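# Survey of secondary and tertiary structure
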Amino acid sequence: MEKKLVISKIAIKASTEKVWDVLVNPEHTKKYMFGCETISDWKPGSTLVWQMIHEGKPFVAVKGNVVAIEEGKHLDYTVFDPHNPKIENVPENYLHVIYELEHSNAETLLTVTQGDYNTVADGEKRYLEADNNGEGWNPILEQIKKIAEEN
């Protein structure tokens with residue numbers, strides 16, 4: 001059985017185009033993802049790096065690859081923490097993050113799924129860290145909503 005962290009849909013009073021821009025535009029991602037901006041050409045198979053400035057130098061916080069993308073509707077990418085020496089940097093240890101966007105009644109419904117924690121090294125620990133005491137991605141989703149609705 002798959003163990004995924006599923007976040008309920010969040011309704012955002014903005015077009016899917018605006019929400020999509022918040023999800024992939026590095027100027028926006030650093031506002032909601034702990035100062036990290038995304039670096040990618042957003043094509044299937046391409047590298048995706050979440051980078052921030054740490055002590056005055058670029059620092060790759062998380063890396064992965066774009067798996068599938070349908071602009072404005074669907075984004076599936078992998079993530080891996082390259083700074084965890086206990087977990088081998090192999091594709092089997094990368095988690096998937098999936099964004100689904102759906103337009104409904106002048107709003108965009110955004111759903112985020114992350115996993116499968118049953119198939120990766122240290123899966124239970126990584127799941128608990130991502131779950132954030134039941135908060136999961138909720139603080140991040142609230143920031144995404146705020147940015148999209150203000151722009």
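As a starting point, this report considers the structure included with it. (Residues numbered from 1 in each chain as written. Predicted model: local features only at pLDDT ≥ 70, side-chain atom pairs only at ≥ 80, totals over all residues. Heavy atoms only, no water.)

### Observations concerning the pattern of salt bridges
Note the cut-off: For salt bridges, the criterion is a side-chain nitrogen of Lys or Arg within 4 Å of an Asp or Glu carboxyl oxygen. Strands are runs of DSSP state E lasting at least 2 residues, helices are runs of H or I lasting at least 4, and numbering of each runs from the N terminus.
Counted by the stated rule, this structure contains four salt bridges. Glu27 is the salt-bridge partner of Lys30, the closest N and O atoms lying 3.6 Å from each other. In this pair, Lys30 and Glu27 are both assigned in helix α2 (residues 26-32), three residues apart and thus about one turn of the helix distant. Between Glu129 and Lys125 there is a salt bridge, and its shortest N-O distance comes to 3.8 Å.

### Concerning the side chain of Ser46
The criterion, for reference: N or O atoms within 3.5 Å of each other form a polar contact, as long as, within protein, one can give a hydrogen and the other can take it, and as long as residues adjacent in sequence are counted only when both atoms are side-chain atoms. Contacts: residue pairs with any heavy atoms within 4.5 Å of one another.
Mapped onto the elements of the fold, Ser46 is located in the loop between β2 (37-39) and β3 (47-54). There is a polar contact of 2.5 Å between the side chain of Ser46 and the side chain of Asp41. Residues within four places of Ser46 in sequence aside, it is in contact with Ser40, Asp41, Gly64, Asn65 and Val66.

### Focus on the environment of Trp42
Inclusion rule: Throughout this description, buried means an accessible area under 20% of the type-specific maximum (1.4 Å probe, protein chains only), exposed means over 50%, and partly exposed covers the range between.
You can see Trp42 is positioned in the loop between β2 and β3. Take Trp42: its relative accessible area is 17%, and that puts it in the buried class. Here the alpha-carbon distance between Trp42 and Ile10, two residues 32 residues apart in the chain, equals 23 Å. In this structure, Trp42 is in contact with Val24, Leu48, Val66, Ile69 and Leu75, ignoring residues within four places of it in sequence.

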